[in-house]
Amino acid sequence: MTQPEQPTAGAVHTGHPTPLTYFKVAMALVAITAVEVGIFYIEALGKGIIPVLAVLSSSKFALVAMFYMHLRYDHRLFIGLFVGGLALAMAVVLALLGLFKIFV
Amino acid sequence: MAHATTVPHGEEHEETTTGLSHRKLLIWAFLGSDCMFFGSLIATYMVYRGKSLVGPFPEDVFSIPVTSVSTFVLLMSSMSMVLAYSALVRGSIKGFRIWILSTAVLGMTFLAFQTFEFRDFANYEVHLDCARVEAEDADYLEGLTDFETTFLPRCAAVDEEFSEQHGLTLKTNLFGTTFFTLTGFHGAHVTLGVIWLLSLFFYSFRGGVTPERSLDVDLAALYWHFVDVVWIVIFTVVYLFGVFPGF
């Protein structure tokens, strides 16, 4: 019978954030969403609103992925699987937008 | 043969060639592939944006305040999901049950918002205050969308108010087709997530959810957070960019 052994490095993610950290992340997400909706009504921003909203949305995505999905603490292989899929998805989006000459 | 040993945080550790749980690898591979699935749907929506020949268009039907509230609900559900997982690894089954049920309820609330929104779009009506149109009220006319403006000549035959139903469905135009396909598939993901969460909630009463088997909850949590991050992108790209005239 195999003796119980310690997990290999990265087999499990350790050092989970505390509930307080989760709450702070949630408040940051709500604040960013409020900013997004707020600046949406500022007509003076014109087309400048697009990169601003893109950056804010990416920040929210990153916060959820890093803290709630524990990617910040997890094994590199898990990160690779998710980020690989995400990168391919981004490539598909950009290829399609380029193919149909959107933004050109 | 794989078997489990107890490790820090009460997580299940399987003896595999990588030292990583195959189930966790599988869920990450699935989420990576789902990124491509939603990426294609989002790209299709963006490619066909502004190509619809008939209305209604995004600026006619979208209500940013209502969608902001449903976005807030989904973000809060992600927080309650991590709190459910956190409670479980700390050994609090009661805390787990409270938070996972909260997550499922918030998920159902989001679905209720989506149902309300879809129903609202399907019953969309063009309303024109013909008295103000006849009086050439500049403020009123400037506030009309392009689609509403096409109905201005119809005011000639009406004294007070013009009203006509032009519901948005999958078949109405390219906007309807791409919008309902994208958000419909997201809604289906949320529905599956709610069923998964409720299954874990009820399973916990049969002793099936324990700190030693927290991986079961971790997998559901990863799926749920993924549904949340997809919505973060949809909210910005479809809703906020959708009604922005310069985009």
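Right above here is the structure, for reference.
Cut-offs and rules
- Along each chain, numbering runs from 1 in the same order as the chain's sequence is written.
- To label them, take the chains in the order written and letter them from A, then take the ligands in the order written and number them from 1.
- The predicted origin of the model limits local features to residues at a pLDDT of at least 70 and limits the giving and counting of side-chain atom pairs to 80 or more, whereas totals for whole chains, interfaces and linings rest on all residues.
- Secondary structure elements follow DSSP: runs of H or I no shorter than four residues count as helices, runs of E no shorter than two count as strands, and numbering proceeds from the N terminus.
- The nonpolar core is taken to be a set of buried Ala, Val, Leu, Ile, Met, Phe, Trp, Tyr and Cys residues joined by way of C-beta atoms within 7 Å.
- Counting other C-beta atoms within 10 Å of its own, a residue is labelled buried from 20 upward, exposed at 12 or fewer, and partly exposed in the gap between, with every C-beta atom placed from the backbone.
- Expected span of a helix: the number of residues minus one, times 1.5 Å.
- Residue pairs qualify as contacts under a 7 Å threshold applied to their C-beta atoms, which are placed from the backbone.
- Classification convention: Asp, Glu, Lys, Arg as charged; Ala, Val, Leu, Ile, Met, Phe, Trp, Tyr, Cys, Pro as nonpolar; all other residues, Gly among them, as polar.

Asks: What's the story with unusual backbone geometry in this structure? I'm lost.
Replies: Here the amide bond leading from B:Gly55 into B:Pro56 is cis, since omega sits at 0 degrees, within 30 degrees of zero. Assignment of secondary structure puts B:Pro56 in the loop between helix H1 (22-48) and helix H2 (58-61).

Asks: What am I meant to see in the nonpolar core here?
Replies: Note on soluble globular proteins: their nonpolar side chains tend to be buried together. Counting residues in hydrophobic clusters, the biggest one holds 74 residues, and the most contacted among them are B:Ile42, B:Val82, B:Ala84, B:Val217, B:Ala221, B:Val230 and B:Ile234. Taken together, the elements giving at least two residues each to this core come down to helix H1 (19-40), helix H2 (49-68) and helix H3 (76-99) of chain A together with H1, helix H3 (64-89), helix H4 (93-122), helix H8 (174-204) and helix H9 (214-240) of chain B. Sort the elements by how many residues they give to this core and H9(B) lands first, with 19 residues.

Asks: Can you walk me through H8(B) in this structure?
Replies: Given 3.6 residues to a turn, an α-helix orients residues that are three or four positions apart in the same direction. Residue and element names in this part refer to chain B. Here H8 contains 31 residues, and its C-alpha end-to-end distance of 45 Å stays within 8% of the 45 Å for a straight helix at 1.5 Å per residue. Within the span of H8, buried status applies to Phe-175, Gly-176, Thr-178, Phe-179, Leu-182, His-186, Val-190, Gly-193, Val-194, Leu-197 and Leu-200. Its buried side turned inward, H8 meets H1, H2, H4 and H9.

Asks: Honestly, the interface of chain B and chain A in this entry has me stumped. Any pointers?
Replies: By a widely used convention, the size of an interface equals the accessible area lost when the partners come together. Facing the 47 residues of chain B at the interface are 48 residues of chain A. Elements supplying a minimum of two residues to the side of chain B that touches chain A: H1, H3 and H9 of chain B. For the side of chain B that touches chain A, the element with the most residues is H1(B), which contributes 14 residues. A breakdown of the residues in the side of chain B that touches chain A according to their chemical character gives 27 nonpolar, 16 polar and 4 charged.

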